[in-house]
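Okay, here's what each chain looks like letter by letter:
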Amino acid sequence: MSIVRNVTRRIGHHPWFGATARLLVPLDRAVGRLTKGRVVALGLVPSLIITTTGRRSGKPRSNPLLYVRDGDGYVVVGSNWGQAQQPAWSLNLLAEPRAEVDVSGRRIAVRGEPATGAERERLWRLLVDAWPAYEAYVRRAGDREIRVFRLVPTASGTPDGTDAPDGPPAPH
């Protein structure tokens, strides 16, 4: 698998790669949901499924994302494959920072914190080390600043940091 991973990292900066990969996101989302986050991005890069609350609909919205670890948190980037517009999940996270991530079969409640200044630069370097194509995405995105978020697990494991009520888990 490391050969495929290395080839993928090498070709990831090409515009055709982003266009093709965008078409596969619905399939990746379905596989991630079926495997409860165990298989995302075909296992080629560390990936998670983030579930945010739709800023207009109020409904749960799930998306597969590459991530890097930073202490107890997860760092994700709103690259949108270098497109001119922000990805919807990042707009949702700004409107409602409480979210959930599925990582390696575990569901974890998190709070999304946009990174700024020196902290953003430090986290950006971690992301580029994991996926060098992000540098090409910045050039393609034009004037749009690509957002970086740190996803911090909440204290009790529920999205709002409170204790979960007795009974079955809330539907997604």
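A quick note: this is a predicted structure, and the numbers were derived from the prediction, not measured.

Before going further, it helps to spend a moment on the overall build of the chain. Along the chain, the regular secondary structure elements total 5 helices and 7 strands. Helices and strands appear in the chain in the N-to-C order α-α-β-β-β-β-α-β-β-α-α-β. Counting every position in the chain, which comprises 172 residues, the buried fraction comes to 43%. When contacts within the chain are restricted to residue pairs at least 6 apart in sequence, long-range pairs at least 24 apart make up 68% of them. Of the roughly 9,500 Å² of accessible surface on the chain, a fraction of 56% belongs to carbon and sulfur atoms.

The element strand β7 (residues 148-153) is extensively covered by neighbouring structure, given that 5 of its 6 residues are classed as buried. Sheet topology places strand β4 (residues 73-77) next to β7; 4 bridges connect them, and they run antiparallel. If you follow Y74 over to β7, its bridge partner there is L151.

Topologically, V152 is positioned in strand β7. Relative accessible area serves as the criterion here: at 17%, V152 is assigned to the buried category. As a C-alpha pair, V152 and Y74 span 78 residues in sequence and 6.7 Å in three-dimensional space. Discounting residues that sit within four places of it in the chain, V152 has contacts with A109, V110, R111 and E113.

What follows deals with the sheet that holds strand β6 (residues 106-114). Strand order in this open sheet of 7 strands is β2-β1-β5-β6-β7-β4-β3, and the pairing throughout is antiparallel. Each end of this open sheet is capped by a strand with a single partner; those strands are β2 (60-66) and β3 (68-70). Each strand axis lies, on average, 35° off the axis of its neighbour in the sheet, ignoring direction. Where strand β1 (residues 47-53) meets strand β5 (residues 98-103), 3 bridges bridge the pair, whose relative direction is antiparallel. What sits directly across from I50, in β5, is V101. Taken strand by strand, helix α3 (residues 88-95) contacts β1, β2, β4, β5, β6 and β7, and its axis lies near 55° from that of β1.

Our focus in this paragraph is unusual backbone geometry. Of note in this structure, N80 is not a glycine but carries a positive phi near 50°. Along the chain, N80 turns up in the loop between β4 and α3. Residue classification places N80 among the buried positions, given a relative accessible area of 17%.

Glancing now at helix α4 (residues 117-130). Taking 1.5 Å as the rise per residue, α4 with 14 residues should run 20 Å; its terminal C-alpha atoms sit 20 Å apart, in good agreement. Along α4, the residues that are buried comprise R120, L123, W124, L127, V128 and A130. Seen end-on, α4 carries its buried residues on one side only, within an arc spanning 145°. Exposed residues on α4 whose side chains face more than 90 degrees from its buried face are A118 and D129.

One recurring pattern in soluble globular proteins is that nonpolar side chains are buried together. In this structure, V77, W124, L127, Y134 and V148 are the most contacted members of the largest nonpolar core, which totals 17 residues. For this core, the elements supplying multiple residues, two or more each, are β4, α4 and α5 (134-140). For this core, the element with the highest residue contribution is α4, accounting for 5 residues. Residue contacts for V77: discarding those within four places in its chain leaves W89, W124, L127, Y134, I146, R147 and V148. Listed in part, the 15 residues of the second largest apolar core include Y67, A99, V110 and L151.

What follows covers the confidence of the model for the chain. When pLDDT is averaged along the chain, the result is 79; 64% of the residues meet or exceed 70. Here residues 158-172 is a poorly scored stretch, pLDDT under 50, and it has 18 contacts once near neighbours within four places are set aside; other chains count.

So, how was this worked out
- Residues numbered from 1 in each chain as written.
- Predicted model: local features only at pLDDT ≥ 70, side-chain atom pairs only at ≥ 80, totals over all residues.
- Heavy atoms only, no water.
- Helix = DSSP H or I, 4+ residues; strand = E, 2+ residues; numbered from the N terminus.
- Buried < 20%, exposed > 50% of the residue type's maximum accessible area, 1.4 Å probe, protein only.
- Contact = heavy atoms within 4.5 Å.
- Areas by Shrake-Rupley, 256 points an atom, 1.4 Å probe, with all protein chains shown as cover.
- Pairing = 2+ DSSP bridges.
- Axes fitted to C-alpha atoms, helices over the stretch in contact; angles between N-to-C directions.
- Expected span 1.5 Å × (residues − 1).
- Arc of directions from axis to C-beta.
- Core = buried A, V, L, I, M, F, W, Y, C linked by side-chain atoms within 4.5 Å.
- pLDDT = per-residue confidence, 0-100.

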